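Results of the structural survey
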Amino acid sequence: VGPCSVAEGLCVTSANFPLNYGNGERCSMTALQPGTIQVEAFYSESSWDSLNVGGSTYSGTWGPQGIELAAGDALSWTSDFSVVGTGWKLCLLIAPPPQASLAWSVVGACRAVDGLCVTSSNFPRNYGNSQRCTVTALRAGMMQVEAFDTEQCCDHLVVGGVTYHGTVGPPQGGALAAGDVLSWWTDGSVTRPGWKLCLSEGG
């Protein structure tokens, strides 16, 4: 609703994109299906012309990359009456239907994939800000770390009471028992490609 535009079916843009949007604009948008926001472009007057997604406000060159949306989630855009910019283009990446996992039970912003593996959201692209998930092993096995790259200071995976971050993930071949829990959380700023862990079938 308002001067924003739907583009290419799964994308939405500020008015007049890629040319400058106007002053005094207001629009609201609603996701019709779940997915992850992919920011194709974002440039607005910092602090004054802003996009609100899930209660968080984005402006300047900082857009809502990697934010998960549910069907019915709303986004709103406002611009003031002075400086304008080229605006923004957001697309919705649609997740494939969830697979029945042989190894993991997942609650929150992680994904069970390939039957025996689990990843941060949007992997191998960057995960989002302010994400949480809890992963429970459904069977015993040995962990295989396929990839691990998180913000060094502030985005953490906890396995067996030990916190892992940066490029140092859980040890290869670390043993998990059925019922063991992994927890993942990210802060509100820098994101990275994240991680992929698999559970060996021989456990």
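A brief structural summary. Note that the structure is a prediction, hence the values are computed from the model and not measured.

1. Details of the nonpolar core
Trp-104, Leu-157, Leu-176, Leu-182, Trp-195 and Leu-197 are the most contacted members of the largest nonpolar core, which has 21 residues in total. Listed by contribution, the elements that provide at least two residues to this core are β13 (132-137), β14 (141-149), β15 (156-159), β18 (181-185) and β19 (194-199). Not counting residues up to four positions away in its chain, the partners in contact with Trp-195 are Cys-110, Val-118, Thr-119, Ser-120, Phe-123, Ala-147, Phe-148, Thr-150, Leu-157 and Trp-184. Counting 19 residues, the second-largest nonpolar core is a separate cluster that includes Cys-4, Phe-42, Leu-69 and Trp-77.

2. Quick look at the sheet that holds strand β6 (residues 56-58)
Overall, antiparallel pairing links the 4 strands, which are arranged β3-β8-β5-β6 in an open sheet. The sheet is open, and its two edges are formed by β3 (26-30) and β6, each paired on a single side. Each strand axis lies, on average, 20 degrees off the axis of its neighbour in the sheet, ignoring direction. Where strand β5 (residues 50-53) lies against β6, 3 bridges are found, and the strand directions are antiparallel. Pairing of Val-53 across the sheet is with Ser-56, part of β6.

3. Quick word on the state of the cysteines
Taken as a whole, this structure holds 5 disulfides when the rule is applied. With a sulfur-sulfur separation of 1.8 Å, Cys-110 is cross-linked through a disulfide to Cys-133. The disulfide joining Cys-110 to Cys-133 has a torsion of about -60 degrees about its S-S bond and is therefore left-handed. With Cys-110 in strand β11 (residues 110-113) and Cys-133 in strand β13, this residue pair connects regions lying 23 residues apart in the sequence.

4. Concerning the pairing of β13
The side-chain alternation of β13 yields one buried face, formed by Cys-133, Val-135 and Ala-137, and one unburied face, formed by Arg-132, Thr-134 and Thr-136. Where strand β10 (residues 104-108) meets β13, 5 bridges bridge the pair, whose relative direction is antiparallel. Within β13, the residue paired with Val-107 across the bridge is Thr-134. Alignment of β13 against β18, held across 5 bridges, turns out to be antiparallel. Among the inter-strand pairings, Cys-133 is bridged to a residue of β18, identified as Trp-184.

5. Observations regarding the pattern of salt bridges
One pass over the structure, following the stated rule, counts 4 salt bridges. Residue Asp-114 is joined to Lys-196 by a salt bridge in which the shortest nitrogen-to-oxygen separation is 3.2 Å. Linking Asp-114 in the loop between β11 and β12 (117-120) with Lys-196 in strand β19, this pair joins segments that are 82 residues apart in sequence. Here Asp-149 ties to Arg-192 by a salt bridge, and the two come within 2.9 Å at their closest N and O atoms. Separated by 43 residues along the polypeptide, Asp-149 in strand β14 and Arg-192 in the loop between β18 and β19 bring together distant segments of the chain. On the basis of relative accessible area, Asp-149 is assigned to the buried category, the value being 19%. We classify Arg-192 as partly exposed; its relative accessible area is 36%.

Cut-off values and rules
Residues numbered from 1 in each chain as written. Predicted model: local features only at pLDDT ≥ 70, side-chain atom pairs only at ≥ 80, totals over all residues. Heavy atoms only, no water. Core = buried A, V, L, I, M, F, W, Y, C linked by side-chain atoms within 4.5 Å. Buried < 20%, exposed > 50% of the residue type's maximum accessible area, 1.4 Å probe, protein only. Helix = DSSP H or I, 4+ residues; strand = E, 2+ residues; numbered from the N terminus. Contact = heavy atoms within 4.5 Å. Pairing = 2+ DSSP bridges. Axes fitted to C-alpha atoms, helices over the stretch in contact; angles between N-to-C directions. Disulfide = S-S within 2.5 Å. Salt bridge = Lys/Arg side-chain N within 4 Å of Asp/Glu carboxyl O.

It is worth stressing that arrangement in space is one thing and function is another; only the former is reported here.
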